[in-house]
Amino acid sequence: MPVILGLIAASISAILWGSNFVPMKFARANPLLFHAFMCTGIFFSSVVYVIIFKTAFSISPFAVLAGVSWGIGNILAVKALDVSGLSRALPVWAGVSTFLAFLWGLILFKETLNSLPLGVLGILLFLIGLPLVSARDEKSKGRKGIYMAVVAGLIFSFYLVPFKLFNIEYGDWLISSSIGILLTSIPIFVLKFKQLKGFFHGFAGGVMWNAASLSSLYAVSFLGFAVGVPLTQLALVISAMWGILYFKEIKSRLVYKVALGVILLLAAGFLLSFSKL
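Residues numbered from 1 in each chain as written. Predicted model: local features only at pLDDT ≥ 70, side-chain atom pairs only at ≥ 80, totals over all residues. Heavy atoms only, no water.

S.K.: Can you help me understand the overall build of the chain in this one?
M.R.: Helix and strand counts for the chain stand at 14 helices and zero strands. Mapped in sequence order, the helices and strands of the chain form the string α-α-α-α-α-α-α-α-α-α-α-α-α-α. Computed over its C-alpha atoms, the radius of gyration of the chain comes to 18 Å, within 12% of the 19 Å expected for a compact globule of 277 residues. By principal-axis analysis of the C-alpha atoms, the chain measures approximately 45 × 45 × 35 Å. Residue burial in the chain is summarised as follows: out of 277 residues, 51% are buried. In the chain, the share of contacts with a sequence separation of at least 24, taken over all contacts with a separation of at least 6, comes to 90%. For the chain, the computed accessible surface area is about 13,400 Å², with 73% contributed by carbon and sulfur atoms. (Helix = DSSP H or I, 4+ residues; strand = E, 2+ residues; numbered from the N terminus. Rg over C-alpha atoms; globule rule 2.2 N^0.38 Å. Buried < 20%, exposed > 50% of the residue type's maximum accessible area, 1.4 Å probe, protein only. Contact = heavy atoms within 4.5 Å. Areas by Shrake-Rupley, 256 points an atom, 1.4 Å probe, with all protein chains shown as cover.)

Right under this line is the structure:
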């Protein structure tokens, strides 16, 4: 039963993380405003969770800073999505984040590899897959979106480091990080307070992101970190399917190259995680 629950939780997480930016495409909203609305959804859904489950919490400055850093990364992410689309941007930053999180585990937390060949193979697949996902033809837009997605992935890879480094309680982390995330939306609201187009889309995207984050914790709890985390990264495939199949972001033969890159990034995430088993 725990395995089934873990698989369900991982599936929910992957679907929501792979889809939480879809409302931005439907609303055709300003990327910065979508970020601000999304931050609002994350914060209020965190408050609702704490109230419903009566979770005790205190404010952690490290978690607040982590939330601020995530917010900065998300600003880059929505801009990358606006330029490069769901089929490219999200797989790039998710792949970079997974790869770097693997390195932080080795470097910062002194985690050991039980299978060096799997680790090396995972790194090689990552290095091959990333250029394929970011490939473009003559009609494609510039690489600016890909560069922003790479930097976003770098920032996202640090997001959970304080959580583990300082052993922050989940309730403290949930509220404190959401406060930090909300802070990054304030300058946008001040500058664009009269523009509310796409508010409900962005708010929904934030709730979806937070629900996916919560669901991923259950996946890790039931399946373990090494199995649960890579399963949630099926979000790579979900986002690519939205971008390629529904929004028709790539219409040339390049679609096969991008799809192969997504598969390689996903495989790299699995191999890097299983190398620790």
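S.K.: Is there a simple way to think about the packing of aromatic side chains in this case?
M.R.: When we look at a pair of aromatic rings, we describe it by the centre distance and by the angle of the planes. One pass over the structure, following the stated rule, counts 24 aromatic pairs. For the pair F37 and F189, a centre-to-centre distance of 6.0 Å together with 45° between the ring planes defines the contact as tilted. Here F189 lies in helix α10 (residues 186–191) and F37 lies in helix α3 (residues 31–52), a separation of 152 residues in the sequence. Classification of F189 by relative accessible area gives partly exposed; the value is 24%. Feature note: the residues F21, F34, W70, W93, F156, Y159, F163, W173 and W209 constitute an aromatic cluster, connected by ring pairs. Lying across the ring of F247, K25 places its NZ or CZ 5.2 Å from the centre. (Phe/Tyr/Trp six-rings, centres within 6.5 Å; stacked < 30°, edge-to-face > 60°. Lys NZ or Arg CZ within 6 Å of the ring centre and 35° of its normal.)

S.K.: Would you mind showing me how to read the environment of M208 here?
M.R.: Counting through the fold element by element, M208 comes out in helix α11 (residues 199–223). In sequence terms M208 and T98 are 110 residues apart; their C-alpha atoms lie 20 Å from each other. For M208, the contacting residues outside a window of four places in its chain are L16, S19, N20 and P23.

S.K.: Quick question: what am I supposed to make of α11 here?
M.R.: Each α-helix turn comprises 3.6 residues. Residues three or four places apart therefore point the same way. Taking 1.5 Å of rise per residue, the 25 residues of α11 would be expected to cover 36 Å, and the 36 Å separating its terminal C-alpha atoms lies within 8% of that figure. G224 lies just past α11 and shows a positive phi near 95°. (Expected span 1.5 Å × (residues − 1).)

S.K.: Please explain the environment of I123 as it appears in this structure.
M.R.: Mapped onto the fold, I123 is located in helix α6 (residues 116–133). Using a relative accessible area of 27% as the deciding quantity, one classes I123 as partly exposed. Separated by 148 residues in the primary sequence, I123 and L271 place their C-alpha atoms 8.6 Å from one another. In this view, I123 contacts F99 and L272; residues no more than four positions away in its chain are not counted.

S.K.: Mind showing me how you'd approach α6 here?
M.R.: Taking 1.5 Å of rise per residue, 18 residues should cover 26 Å, and α6 covers 26 Å from first to last C-alpha, within 8% of that figure. Considered for burial, the residues of α6 that qualify are G119, G122, L125, F126, G129, L130, L132 and V133. Projected down its long axis, α6 shows its buried positions confined to an angular sector of 150°, all on one face. Facing away from the buried side of α6 by more than 90 degrees, the exposed set consists of L116, P117 and L127. (Arc of directions from axis to C-beta.)

S.K.: Mind showing me how you'd approach the nonpolar core here?
M.R.: Most often, soluble globular proteins have nonpolar side chains that are buried together. One finds F21, W70 and W93 to be the most contacted residues of the largest nonpolar core, which totals 50 residues. Counting residues per element, this core draws most heavily on helix α5 (residues 86–107), at eleven residues. If we ignore the near neighbours within four places in the chain, the residues touching W93 are F21, A77, L81, A149, A152, G153 and F156. Among the nonpolar cores identified, the runner-up in size contains six residues, and A135, I244, I250 and V255 belong to it. (Core = buried A, V, L, I, M, F, W, Y, C linked by side-chain atoms within 4.5 Å.)

S.K.: Mind showing me how you'd approach the confidence of the model for the chain here?
M.R.: Interpretation of this model should avoid reading the predicted coordinates in detail wherever pLDDT is low. For the chain, the mean per-residue pLDDT works out to 87, and 95% of the residues sit at or above 70. Highest mean pLDDT in the chain belongs to helix α4 (residues 61–84) (95); lowest belongs to helix α12 (residues 225–232) (73). (pLDDT = per-residue confidence, 0-100.)

S.K.: It is not clear to me how a nonpolar patch on the surface should be interpreted in this structure. Could you clarify?
M.R.: On the surface, M1, I4, L5, I8, I12, Y218 and F222 cluster together to form a nonpolar patch covering roughly 660 Å² of accessible area. Broken down by secondary-structure element, the contributors of at least two residues to the nonpolar patch are α1 (2–19) and α11. A total of four residues in the nonpolar patch trace back to one element, the largest contributor, which is α1. (Patch = residues over 30% accessible without salt bridge, like charges linked within 9 Å, V, L, I, M, F, W, Y side chains within 5 Å. Salt bridge = Lys/Arg side-chain N within 4 Å of Asp/Glu carboxyl O.)

S.K.: I'm lost on the packing of α6 against helix α14 (residues 254–274) in this one. Help?
M.R.: Helix-helix packing is characterised by the crossing angle of the two axes and by the distance between the axes. Two elements in contact, α6 and α14, have axes whose closest approach is 7 Å; the angle formed by their N-to-C orientations is 155°. As summarised for this structure, α6 and α14 are arranged roughly antiparallel, according to the angle between their axes. Crossing angle aside, the handedness with which α6 passes α14 is left-handed. In this structure, α6 contributes L118, G119, L121, G122, I123, L125, F126, I128, G129, L130, L132 and V133 to the contact, and α14 contributes K257, V258, L260, G261, V262, L264, L265, A267, A268, L271, L272 and F274. Tallied by class, the residues present in the contact of α6 with α14 amount to 19 nonpolar, four polar and one charged. (Axes fitted to C-alpha atoms, helices over the stretch in contact; angles between N-to-C directions. Parallel < 35°, antiparallel > 145°, perpendicular 65-115°, else oblique. Left-handed = near helix turned anticlockwise from the far one by under 90°. Nonpolar A, V, L, I, M, F, W, Y, C, P; charged D, E, K, R; others polar.)

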